[in-house]
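The residues making up each chain are set out below.
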Amino acid sequence: MSENAKIVMETVRAADHDRYVSALYAPEDKRDALFSLYAFNAEISGIRDRIREALPGEVRLQWWRDVIAADDDVAGSGHPVADALKATISTYGLPKPAFENMLEARIFDLYDDPMPSRIDLEGYCGETAAALIQLAAMVLDPVEAPRFAELAGRAGCAQAMTGLLLLLPQHRKRGQCFVPADILAAAGSSPEEFFTGDGGLGAERAVAAMIALAREHLAAFEGGASALPVSLRPAFLPLALSRAYLGKMESSPHSPLSGVARLSAWRRHWLLLRRATRGWPDT
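Calculation rules
Residue positions within a chain follow its written sequence, with the count starting from 1. In view of the model being predicted, local features appear only for residues whose pLDDT reaches at least 70, and side-chain atom pairs are presented and counted only at 80 or more, with totals across whole chains, interfaces and linings using the full set of residues. Note that water and hydrogens are dropped before the side-chain values are worked out from all heavy atoms of the structure. Only the contacting stretch of a helix is used when fitting its axis, a line to C-alpha atoms as for every element, and angles between N-to-C directions run 0 to 180 degrees. The secondary structure listing takes helices from DSSP runs of H or I that are at least 4 residues long and strands from runs of E that are at least 2 residues long, numbered from the N terminus. Small angles under 35 degrees read as roughly parallel and large ones over 145 as roughly antiparallel, with 65 to 115 read as roughly perpendicular and the rest as oblique. By definition, any crossing whose near helix is turned counterclockwise from its far helix by less than a right angle is left-handed, and any crossing with a clockwise turn is right-handed. Contacts were defined at the residue level, with two residues in contact if any of their heavy atoms lie within 4.5 Å. We call Asp, Glu, Lys and Arg charged. Ala, Val, Leu, Ile, Met, Phe, Trp, Tyr, Cys and Pro are nonpolar, and the rest, Gly among them, are polar. Classification of ring pairs uses Phe, Tyr and Trp, with its six-membered ring standing for Trp, and accepts pairs whose centres are within 6.5 Å; under 30 degrees between planes counts as stacked, over 60 as edge-to-face, and the remaining range as tilted. The cut-offs for exposure are 20% and 50% of the maximum accessible area for each residue type, with area from a 1.4 Å probe on protein chains only; residues under the lower value are buried, those over the upper are exposed, and the others partly exposed. Only when the NZ of Lys or the CZ of Arg is both within 6 Å of the ring centre and within 35 degrees of the ring normal is a charge said to sit over the ring.

**Concerning the packing of helix H5 (residues 54-69) against helix H6 (residues 80-92)**
At step 1: For the pair H5 and H6, the least separation of the axes is 10 Å and the interaxial angle reads 40°. Considering their axes alone, H5 and H6 lie oblique with respect to each other. Our pair here, H5 against H6, has a crossing hand that is right-handed. Across from Trp63, Trp64, Val67 and Ile68 in H5, the residues of H6 making contact are Val81, Ala82, Leu85, Lys86 and Ile89.
At step 2: Of the residues that constitute the contact of H5 with H6, the class distribution is eight nonpolar, no polar and one charged.

**What about the packing of aromatic side chains?**
At step 1: For the structure shown, the criterion picks out ten aromatic pairs.
At step 2: Centroid distance Phe221 to Trp280: 5.2 Å. Interplanar angle 80°. Geometry classified as edge-to-face. Separated by 59 residues along the polypeptide, Phe221 in helix H13 (residues 200-224) and Trp280 in the segment after helix H16 (265-278) bring together distant segments of the chain.
At step 3: The exposure class of Phe221 is buried, given its relative accessible area of 0%.
At step 4: Here the aromatic residues Phe40, Trp63, Trp64 and Phe99 are joined through ring pairs into a cluster of three or more.
At step 5: Across the ring face of Tyr38, the terminal group of Arg19 is positioned such that the distance to the ring centre comes to 5.9 Å.
At step 6: In this structure, Arg60 packs its charged tip against the face of Trp63, placed 4.5 Å from the ring centre.

In structure tokens:
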């Protein structure tokens, strides 16, 4: 493994350990490409945490746009993740518009505007987590991947919504509301009330609706997942954790608004191993 590849791998191991472990179940000759995708995702999803101000954050997203759009190998040279990503896009013929859409969606992260509707939330999840799953699938098996694009969409929505529920305390603290305004309104709340104190009963109902929505997408994914070829499993493995976290949220006496305890490392590894070897559904 080159020094550059080691840096990219360590970036994923530190920033997104679950996807790091999932990539280890892929064939060895595909792992570096998966690591480059996951490192890129870690870079752009963490911009707000590192930069904090919206305008410099947009500048950083634009830098990534320019790097990906450039046809030469000079753009991004010297940045290990950028160099690795460009090599992956070139080697596997990955569609650049998917990365452009991902970067466009991440602009929302930089501001405190409320998520307008369920449709907007599903679009955001589709252009981020679902796109990442589909790109990973294209690396793993470009022949089979197109058949499972819709399943990747469902999987990405379930995974992203679960992640947003886990991050509720952090988002509320800094004034971000990923719970759609139409769901809040139906629950008798609003984005403004959502940030007040414990959010009240309306916030609790809205969170329950979010869990149900994530469950809906997870059920749709699991309904078709038995058809997934073994070659594509590593791209979908984190869904095993989504199922476990949603179950924990539903059974816990504490609301996700105040935080959900993360699964232990050994349990996460065991869940990923089980899905890697058995697939879906349980056999």
